[in-house]
Amino acid sequence: MPDAATDWPDQIYALLKEHDIRQVALVPDAGHSRLIKRCLADNDMKVATLTTEEEGIAMLFGAWLGGEKGVLLMQSSGVGNCINMLSVPISHRTPCPMIVTMRGDYGEFNPFQVPMGNATQTVLEAMGTLVKRADAPEDVAPTVNATLRLAFNTYRPTATLIGQRVIGAKTFGK
């Protein structure tokens with residue numbers, strides 16, 4: 001029987017397939033590594049590795065205009081790079097689902113991750129993004145499903161924040 005504590009990346013991948021996600025924008029992130037590998041191995045998905053997270057907002061806008069659905073995978077530290085660009089899906093009423101692995105919260109070792117980790121949800125909501133949070137492995141799939149449904153049913157940016165209690169806190173040397 002699948003274990004939510006270890007299988008949540010595979011559950012997210014299954015949801016991306018279920019929701020017909022064809023484009024995946026990402027900045028490489030250890031928290032998303034298993035999901036990224038699944039997406040890269042899927043010939044039906046176009047995966048774009050970005051140089052900065054706000055490029056993903058533009059990519060999802062273009063995907064939607066071209067008739068395809070996309071998702072942006074990033075770490076919470078990259079949310080700060082997206083703030084101004086979030087005006088695009090708000091102004092044009094286009095879906096922009098984001099799946100964000102958190103840094104700077106539970107058990108963080110790096111003090112430079114803490115400010116954005118603490119501000120991520122507030123900043124996204126201030127820009128009009130509907131935000132849900134998963135802090136237990138069994139909550140990840142239903143929360144991501146809700147995020148995808150909200151994005152494509154309401155034509156707006158949405159985000160799932162996956163807490164460090166799920167992905168694990170990094171330490172020096174790892």
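Quick note: structure is the one above.
About the criteria used
- Every chain is numbered on its own, with residues counted from 1 as its sequence reads.
- Reporting in this predicted model follows two pLDDT cut-offs: at least 70 for local features of residues, and 80 or more for side-chain atom pairs to be given and counted; totals over whole chains, interfaces and linings ignore these cut-offs and use all residues.
- With hydrogens and water excluded, all non-hydrogen atoms of the structure serve as input to the side-chain values.
- Comment: elements are numbered from the N terminus, with helices defined as DSSP H or I runs of at least four residues and strands as E runs of at least two.
- Only the C-alpha atoms count toward the radius of gyration. The rule for a globule is 2.2 Å times the residue count to the power 0.38.
- Under the convention used throughout, the expected extent of a helix is 1.5 Å for every residue step, that is, one less than its residue count.
- One axis is fitted to the seven residues ending at the residue and one to the seven starting there. The bend at that residue is the angle between these axes.
- Categorising residues by exposure relies on relative accessible area from a 1.4 Å probe, with only protein chains included: less than 20% of the type maximum marks a residue as buried, more than 50% marks it as exposed, and the intermediate range marks it as partly exposed.
- Throughout, a contact is declared for two residues whenever any of their heavy atoms are within 4.5 Å.
- Think of a nonpolar core as a cluster: buried Ala, Val, Leu, Ile, Met, Phe, Trp, Tyr and Cys residues, connected wherever their side-chain atoms sit within 4.5 Å.
- Here, strands pair whenever DSSP counts at least two bridges between them.

Caption draft 1: Spotlight on the overall build of the chain. A tally of regular secondary structure across the chain gives eight helices and six strands. Ordering the α and β elements of the chain from the N terminus gives α-β-α-β-α-β-α-α-β-α-β-α-β-α. On C-alpha atoms alone, the chain measures out to a radius of gyration of 15 Å, which is about the 16 Å that the 2.2 N^0.38 rule sets for 174 residues. For the chain, the C-alpha atoms occupy an extent of roughly 40 × 40 × 25 Å along the three principal directions.

Caption draft 2: Up close: helix α6 (residues 114-126). With 13 residues, α6 extends 19 Å from end C-alpha to end C-alpha; this agrees with the ideal 18 Å at 1.5 Å per step. Taken as a whole, α6 carries its principal kink of about 50° at Thr-120. What α6 keeps buried is the set Met-116, Gly-117, Thr-120 and Leu-124. Looking at the buried side of α6, the elements it contacts are α4 (76-82), β4 (96-101), β5 (130-134) and β6 (157-162).

Caption draft 3: Structural detail: the nonpolar core. The biggest cluster of nonpolar side chains holds 24 residues, and the ones touching the most others in it are Ile-12, Leu-16, Val-24, Leu-73 and Val-140. Looking at this core, the elements that each hand over two or more residues are α1 (4-18), β1 (21-26), α2 (33-40), β3 (69-75) and α7 (137-154). Looking at this core, the element that brings in the most residues is α7, giving six residues. In this structure Ile-12 touches Leu-35, Ile-99, Val-140, Val-144 and Ile-162, once residues within four positions along its chain are discounted. Membership of the second largest hydrophobic core comes to 20 residues, among which are Leu-86, Met-102, Val-131 and Leu-161.

Caption draft 4: Inspection of the pairing of β4 at higher detail. Here β4 lies mainly inside the structure; six of its six residues are buried. Note: β3 against β4, four bridges, orientation parallel. If you follow Leu-72 over to β4, its bridge partner there is Met-98. With six bridges joining them, β4 and β6 adopt parallel strand pairing. Paired with Cys-96 across the strands is Pro-157, a residue of β6.

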